[in-house]
Each structure stands twice: as structure tokens, then as C-alpha cells.
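# Fold and geometry: a report
So the chains spell out like this:
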Amino acid sequence: MLTVDFDRLDIGSGTKVIDVGCGAGRHSFEAYRRGADVIAFDQDAAELAEVDTLLQAMGQAGEAPKSAKAQVVVGDALALPYPDATFDCVIASEILEHVPEDDAAIAELIRVLKPGGKLAVTVPRWLPELVCWVLSDEYHANEGGHIRIYKADELQAKLVRGGLTFTHSHHAHALHSPFWWLKCAVGVDKPDHPAVKAYHQLLVWDMMSRPALTRIAEAALNPLVGKSVALYFEKPITNAAPV
């Protein structure tokens, strides 16, 4: 289930991509399929081990071009271990809402992006997220949980102040908003609640089968209750003045 629209990122053979806070690796897998040289970056070594296993399996199964490369790296998003202007594309999906020092993380995302490169950032959307917070403290008040709710224009302004040019935004995963509202209402620690299980089965069926009915419904609902907002930026190419 992708939140980022890869058709906006110009990712192809030889594109250098870092997926910061990659989690289970969904965006890293897609970049690899498209032929990129991918770094799946996260602080969770155990989860990265699973991502590495899947990336290797993809390569062995021919699901990515032979020219593509993929590796996992354990590290801190506040101190990315790469020189300035290393990557053609930087992805940071559903990570900034977890980071206390988000300005420092944003500065690092911008620093390692090449001039002319593209950055995609996604976070939970303000209104659906606010409903979750109102319904349940457990949803966010836990170690490693969400520590802030972003308004899209405020987050956009942070990145523009960092020197990027805003290019596009969209919302995603509208069908997931009611699922999380339901979980928060009955208790996030009750995954076996009949209503939660039934809705989860619906979401799994939708992701696996992608029927036209739910795809059309979600596209119509995304502007209203999309669970995530995705923001896209480019780093301007600046020409140094002649000496």
C-alpha cells in the first residue's frame, strides 16, 4: 500500500533513492522495482532485517532490474551518514510525526538531496488524526507514537523555508480513516473486536484485489477524509556567480 505517488518522482534506472524511516519497506520495494539504487534507512534493526530479506528475494526472483541495487542501513534520521547532495530522491513517509526534533530531521532530508532532486513527505492528515487523538489517548500516547498533528500548510512552509520548492500535494487512504476511528473508539488494544476484524478483512481484500468499486470510492473520499497527506518538493538548482 503506497502513500507516495511514484509517477511524480521520476525514479528509474540508476536513480539514487533513500527511504528515510522506511518501516516495513513498502516504498523501498517500489523504488527497487523501478530500477533505483535504494537505501532503506531506519533505526529499527529488527524490522530492517526483514526488509533486507524481502529485497534480496525480489532480486533473486527478478522483480527488479539487474542493474538496480538495494541495501538497508540502520541509523538516526537526525544525522544521516551521507555527504551533502547525495540522493536524486528522498522519501520520508509517516515519520516526521514521530520525531521530537522534526526541524532537525527536515534539515537532514534537505541536506542530502541533490539540487534538482525530489523530496516526498507524507504525514497523517490533520482532521482524521485529530479524531483519533480525541477518541483515544492510547493511539498516540505511547513510546514511539505520534507526538504532533501537522497541518499541511504548516509542514509545507517548514520545507519551503529550508530552500525547497513546493510542487504538488494529494491525500491518500480514505478507507483507512474510519478503520482507525473504529479502533480508537473500541480500544486500540482490541484487534479481535468483531467490528475491527471485519473492517480489517475489508481493507486486506481491497489491497489484494483492488476492485474498481473501492478504488473509485477511495478516490472520491480522499479529498475529504484521506488518512494521509503527501507533499512533493524539488530542490532548486542554483548557479554560482562567476568569480
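These remarks concern the structure in this document. On a predicted model such as this, the values are computed, not experimentally measured, just so you know.

## As for the sheet that holds strand β6 (residues 165–172)
Here we have seven strands laid out as an open sheet, ordered β3-β2-β1-β4-β5-β7-β6, and mixed in their pairing. The sheet is open, and its two borders are formed by β3 (69–74) and β6, each paired with just one other strand. Each adjacent strand pair in this sheet contributes to an overall mean axis angle of 15°, direction not counted. As paired elements, strand β2 (residues 37–42) and β3 share six bridges and run parallel to each other.

## Structural notes on unusual backbone geometry
Within the chain, H173 stands out as a residue other than glycine whose phi angle is a positive 65°. Among the structural elements, H173 can be located in the loop between β6 and α6 (176–186). One non-glycine residue, R210, adopts positive backbone phi at about 45°. In this structure R210 comes out as exposed when scored by relative accessible area, which is 52%.

## Focus: the nonpolar core
If you look at the biggest cluster of nonpolar residues, it comprises 30 residues, and the most contacted ones within it are V20, Y82, V90, L96, L119, L155 and L159. Of all the elements in the fold, those that place two or more residues in this core are β1 (16–20), β2, β4 (87–93), α3 (102–111), β5 (113–124), α5 (152–161) and β7 (228–234). With sequence-adjacent residues up to four places away left out, L159 is seen in contact with I106, I110, L119, V121, L164 and F233. Core analysis: the second largest hydrophobic core is formed by 23 residues, F6, A31, Y32 and A120 among them.

## A look at the packing of helix α4 (residues 126–135) against α6
Across the interface, α4 lies against α6 with an axial gap of 8 Å and an inter-helix angle of 10°. Classified by the angle between their axes, α4 and α6 sit roughly parallel to one another. On α6, the residues touching P128, V131, C132 and L135 of α4 are S177, W180, W181, C184 and A185. In the contact of α4 with α6, the residues fall into eight nonpolar, one polar and no charged.

Reading the values: the criteria
Residues numbered from 1 in each chain as written. Predicted model: local features only at pLDDT ≥ 70, side-chain atom pairs only at ≥ 80, totals over all residues. Heavy atoms only, no water. Pairing = 2+ DSSP bridges. Helix = DSSP H or I, 4+ residues; strand = E, 2+ residues; numbered from the N terminus. Axes fitted to C-alpha atoms, helices over the stretch in contact; angles between N-to-C directions. Buried < 20%, exposed > 50% of the residue type's maximum accessible area, 1.4 Å probe, protein only. Core = buried A, V, L, I, M, F, W, Y, C linked by side-chain atoms within 4.5 Å. Contact = heavy atoms within 4.5 Å. Parallel < 35°, antiparallel > 145°, perpendicular 65-115°, else oblique. Nonpolar A, V, L, I, M, F, W, Y, C, P; charged D, E, K, R; others polar.

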